[in-house]
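Here's the letter readout for the chains.
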Amino acid sequence: MENTPKSGIQGLVENWQSDIIAAVSVSLIALPLSLGIALAAGAPAMAGIFSAIVGGVVTTLYRGGHISVNGPAKGVIGVILLGIALMDDGSGQAFNYVLAAVVISGALQMLLGILKLGRLADIFHSSVIHGILAAIGIIIFAKQIHVAMGTHSESPSIVQNLIDAVVYLPQANPFVLIIALTGLLLIIFHSKISNRIFHLLPTPMWVIALSIPFVYIFNFFDAQTLSFFGKAYEVGPDLLLDIPDTITDSIMHPNFGKIHTIEFWTTVFSILIISSIESLAIAKAVDKIDPYKRKTDLNKDLTGIGLSTVVAGMIGGLPIIAVIIRSTVNIHNGAKTKWSNMYQGLLLLIFIVLLSPIMRQVPLCAFAILLVYTGFKLASPSVFKQMYNQGTEQLIFFIVTMVLTLYTNLLVGLLGGLVFALITHMLLARLPIPEFFKMVYKSRTRLIQLPDNSYDLKIRGVANFLGIIKVDKLVAQIPAGANVNIDLSETRLVGITYMDYLVEYLKAQRATGGKVFITGLDSHVSSSTHNRALKLSLKNATKLSHRQKRLRNLATEKGYQYTSQVDWNTIYLKKFHFFEIRPIERKYNCLKGSFDEMDISWEIADVTFNEGQAFTAETFNTTLMVLKLNTKIPVFTMEKEGVFEKLFDRVMAFTGYKDIDFDMYPDFSKKFLLMGNNEAEIRSFFTEDIIRFFENHHIYHLESNGEALIIFDKIKLARTDETLAFIEYGEKLARLLDGKFVS
């Protein structure tokens with residue numbers, strides 16, 4: 001890996017070229033999304049641009065992160081809508097009152113950072129936060145679907161807005177709907193379009209750009225009535241983006257006239273909690289994908305974001321948040337320092353000045369469809385499935401929080417969801433209230449330093465989200481690089497948020513060279529196989545499933561090694577590109593062996609990994625084989641040609657590789673997508689015997705890291721017969737390759 005880029009002015013001087021190149025891509029995404037987020041929040045369109053510019057320029061000057069991008073995000077939509085609804089007194093000053101709340105929330109956020117309370121975000125139950133975000137997604141969808149359809153719902157109820165979307169569908173304006181549906185198709189299929197022209201601009205910019213010709217075709221510039229299948233529909237300038245001629249005309253100032261009201265402070269704390277939690281969570285997510293493995297100073301980052309929020313609120317901008325999509329684009333386009341965030345803010349300022357005449361020709365439905373898609377992703381069926389996979393109780397927490405938020409507001413939803421989760425923990429732990437809190441706060445959890453300078457962290461009692469601050473103080477005493485055993489055998493309940501914390505600590509400590517193990521969960525049970533699911537200590541708990549028993553029996557019969565225990569050491573898998581860009585949770589059910597008369601060992605394991613980051617991450621389980629060849633081979637990735645499974649697709653999107661075809665073996669080239677950096681080495685490696693082998697056997701996803709292969713089929717756990725097929729396939733391939741090396 002390259003040397004870590006220098007920070008400060010020296011980092012700016014050394015890396016300005018790569019940072020500016022990345023900033024161009026980020027700003028092209030931020031421009032339409034910032035405008036769309038402001039419109040969805042019921043704010044002036046330029047409020048989103050102000051937020052993005054301030055998030056880029058001001059936050060960069062005082063921040064704890066290295067490569068994240070700041071600006072308005074989808075999480076602020078719900079809180080701004082809430083504030084406008086609560087403080088609308090008919091004076092036309094509702095948004096100005098909200099700006100005052102933004103300023104106060106930013107000041108409080110700065111105070112949290114100065115007091116080093118950034119870790120407070122860890123105590124909020126993860127399923128409750130997911131429920132809040134799903135509710136925000138539904139709010140965005142319910143509001144913006146009407147803009148995308150050219151309809152209007154008068155109801156203040158989000159649920160009624162959704163019902164109206166179905167009821168009013170026959171009344172949808174077809175000229176608006178055509179533009180929106182074109183944008184939606186582009187969003188869905190953009191990554192599948194092979195034409196390079198379509199990859200010169202990010203998807204949001206294409207949605208905006210391709211909507212403009214429709215504006216001319218239908219002539220939205222003049223108020224008129226158009227006929228469609230005998231029915232008349234109105235079109236006109238009111239369907240286009242309306243932004244002032246100059247930036248100074250867009251500046252708005254806060255009005256503190258409501259500071260004495262409960263509505264004002266409800267808005268303040270809603271903004272504070274949502275923006276702080278989301279920013280801190282995303283800061284940690286960005287750290288995971290930072291190629292230089294730098295860590296964010298969460299308290300300093302919170303202070304910097306708070307300062308930016310104050311500045312944004314003073315000139316008419318939205319709250320500042322760290323944004324995961326833009327941060328990911330920033331990294332993948334080669335950004336190296338924090339200055340890329342400043343460049344994207346300055347570029348946005350230039351773009352909005354130069355492109356304002358063009359942006360006024362963009363229909364509102366183009367922005368709306370971007371947000372409709374975003375809202376759907378936040379509350380899609382896959383999100384519900386993800387929560388269910390984490391445990392039935394997590395799905396219940398999620399749904400209760402979501403429903404509470406939709407029928408009340410974000411603050412009530414958050415607090416109500418936390419209280420509901422807490423009550424459920426009490427019932428599951430079967431403890432009276434005083435005893436429950438005693439086992440949370442006075443649980444005799446201890447950190448013990450052993451003679452060899454390793455540590456035992458013995459966690460006792462109830463380990464749920466309320467106890468995270470206590471355990472955080474204990475692990476802070478453990479030096480970097482030290483070995484740690486985390487013993488949970490004396491816990492009565494271990495919550496998912498607590499497990500999230502322990503696993504994140506495990507990864508961070510291992511990154512410093514320490515060995516960390518989580519033990520003592522053999523006698524615990526949960527409603528899910530997810531490794532972080534809520535766990536209860538029960539007597540006579542079943543230790544092995546039927547599948548695990550079959551794997552154990554297979555190992556006994558064939559002389560393999562088998563363990564059902566979780567192996568948290570997944571460092572070697574990170575050497576493969578597939579897992580280099582995906583956080584690995586764990587591997588377990590490990591079956592190990594070697595092939596006779598060959599210096600080739602293998603391991604088959606179940607692996608849990610994440611796709612996506614932060615709150616949008618999905619969890620997947622797969623069974624894979626690692627074939628350690630102990631000799632040098634080319635680095636490549638190979639899979640079935642024409643497969644558009646999203647996981648494989650995303651791998652290819654970031655490799656920069658091209659498909660390598662063999663003219664002499666057209667059948668092989670049609671069957672397989674073979675990609676790698678060193679084409680000459682790969683062509684030399686793929687001899688006729690190897691090509692014929694792959695042609696005549698089951699098609700697996702196969703990847704080389706230069707000395708070993710990973711092989712897997714579908715993103716699912718393998719049956720016992722499929723495990724045997726893995727071993728047979730691996731042995732045949734190993735013998736073929738061993739003969740190649742020997743000869």
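Residues numbered from 1 in each chain as written. Predicted model: local features only at pLDDT ≥ 70, side-chain atom pairs only at ≥ 80, totals over all residues. Heavy atoms only, no water.

**A few points about the overall build of the chain**
Broken down by element type, the chain carries 26 helices and 19 strands. Against the 2.2 N^0.38 benchmark of 27 Å for 743 residues, the chain shows a C-alpha radius of gyration of 27 Å, consistent with a compact globule. Its C-alpha atoms give the chain principal-axis dimensions of about 85 × 75 × 55 Å. When the 743 residues of the chain are sorted by exposure, 57% land in the buried category. (Helix = DSSP H or I, 4+ residues; strand = E, 2+ residues; numbered from the N terminus. Rg over C-alpha atoms; globule rule 2.2 N^0.38 Å. Buried < 20%, exposed > 50% of the residue type's maximum accessible area, 1.4 Å probe, protein only.)

**Quick notes on the layout of surface pockets**
Approximately 1,200 Å³ is the volume found for the second largest pocket. In terms of lining residues, the second largest pocket is bounded by 48 residues, among which Leu-81, Lys-143, His-152, Ser-153 and Asn-161 are the most central. Listing elements by their share of the lining of the second largest pocket, those giving two or more residues are helix 1 (8-40), helix 3 (75-87), helix 4 (94-114), helix 5 (126-149), helix 6 (158-167), strand 3 (231-235), helix 13 (364-378) and helix 15 (392-407). Of the residues that constitute the lining of the second largest pocket, the class distribution is 27 nonpolar, 17 polar and 4 charged. (1 Å grid on protein atoms, 1.4 Å probe; cavity = no way out; pocket = protein on both sides within 12 Å on 5 of 7 lines; lining within 4 Å. Points joined across faces, edges and corners; volume = space filled by probe spheres on them. Nonpolar A, V, L, I, M, F, W, Y, C, P; charged D, E, K, R; others polar.)

**Notes on a nonpolar patch on the surface**
On the surface, Leu-111, Leu-115, Leu-117, Leu-120 and Ile-469 cluster together into a nonpolar patch covering about 380 Å² of accessible area. If you trace the backbone, Leu-111 turns up in helix 4. (Patch = residues over 30% accessible without salt bridge, like charges linked within 9 Å, V, L, I, M, F, W, Y side chains within 5 Å. Areas by Shrake-Rupley, 256 points an atom, 1.4 Å probe, with all protein chains shown as cover. Salt bridge = Lys/Arg side-chain N within 4 Å of Asp/Glu carboxyl O.)

**Points about the nonpolar core**
One recurring pattern in soluble globular proteins: nonpolar side chains tend to sit buried together. Judged by nonpolar contacts, the single largest core of 64 residues is most densely connected at Ile-80, Phe-95, Leu-318, Leu-414 and Phe-436. The element contributing the most residues to this core is helix 4, with 9 residues. Apart from residues lying up to four places away in sequence, Ile-80 is in contact with Ala-41, Phe-95, Val-98, Val-102, Leu-318 and Pro-319. (Core = buried A, V, L, I, M, F, W, Y, C linked by side-chain atoms within 4.5 Å. Contact = heavy atoms within 4.5 Å.)

**Observations regarding the pairing of strand 5 (residues 446-449)**
Across 4 bridges, strand 5 lies against strand 6 (residues 455-463) in antiparallel orientation. Note on strand 6: the bridge partner recorded for Arg-446 is Lys-458. Between the end of strand 5 and the start of strand 6, which pair antiparallel, lie 5 residues, with Asn-453 showing a positive phi angle near 70°. (Pairing = 2+ DSSP bridges.)

**Brief notes about the confidence of the model for the chain**
Mean pLDDT over the chain: 88, with 95% of residues reaching 70 or higher. Mean pLDDT in the chain bottoms out at helix 22 (residues 646-655), which sits at 43, and peaks at helix 4, which reaches 96. Counting interchain partners and residues more than four positions distant, the pLDDT-below-50 stretch residues 643-656 has 33 contacts. (pLDDT = per-residue confidence, 0-100.)

**Notes on the side chain of Thr-405**
Mapping Thr-405 onto the fold places it in helix 15. Relative accessible area serves as the criterion here: at 3%, Thr-405 is assigned to the buried category.

**Topic: the environment of Asn-610**
By secondary structure assignment, the location of Asn-610 is in strand 13 (residues 601-611). The class for Asn-610 is buried, based on a relative accessible area of 10%. For the pair Asn-610 and Asn-621, spaced 11 residues apart in the sequence, the C-alpha separation amounts to 8.9 Å.

**Re unusual backbone geometry**
Most of the time, phi is negative for any residue but glycine, and the peptide bond is trans. Despite not being glycine, Arg-430 has its phi angle at roughly 55°, a positive value. Following the sequence through the fold, Arg-430 ends up in the loop between helix 16 (410-429) and helix 17 (433-441). The class of Arg-430 is exposed, set by a relative accessible area of 56%. Phi angles above zero are rare outside glycine, and Asn-453 is one such case at about 70°.

**So, the side chain of Arg-460**
Counting through the fold element by element, Arg-460 comes out in strand 6. Look at Arg-460 and you get buried, because its relative accessible area is 14%. A polar contact of 2.6 Å, which involves the side chain of Arg-460, links it to the backbone oxygen of Arg-444. Excluding residues that lie within four positions of it along the chain, Arg-460 makes contacts with Met-439, Ser-443, Arg-444, Thr-445, Arg-446, Glu-490 and Thr-491. (Polar contact = N/O pair within 3.5 Å; in protein donor to acceptor, adjacent residues only side chain to side chain.)

**Some points on helix 13**
With 15 residues, helix 13 should reach 21 Å at 1.5 Å per residue; the first-to-last C-alpha distance of 21 Å fits that figure. Among the residues of helix 13, Cys-365, Ala-366, Phe-367, Ala-368, Ile-369, Leu-370, Leu-371, Val-372, Gly-375 and Leu-378 are the ones counted as buried. (Expected span 1.5 Å × (residues − 1).)

**Digging into the packing of aromatic side chains**
What the rule picks out here adds up to 34 aromatic pairs. Ring centres of Phe-686 and Phe-694 lie 6.0 Å apart, and the angle between their planes is 35°; on these two criteria the pair is classed as tilted. For Phe-686, a relative accessible area of 3% gives the class buried. Put simply, the rings of Phe-636, Phe-662, Phe-668, Phe-672, Phe-685, Phe-686, Phe-693, Phe-694, Tyr-700, Phe-726 and Tyr-729 touch in pairs and so form one group of aromatic residues. In this arrangement the basic side chain of Lys-338 is found over the ring face of Trp-339, its NZ or CZ atom lying 5.1 Å from the centre. Geometry around Tyr-588 places Arg-586 over its ring, the cationic atom sitting 4.0 Å from the centre. (Phe/Tyr/Trp six-rings, centres within 6.5 Å; stacked < 30°, edge-to-face > 60°. Lys NZ or Arg CZ within 6 Å of the ring centre and 35° of its normal.)

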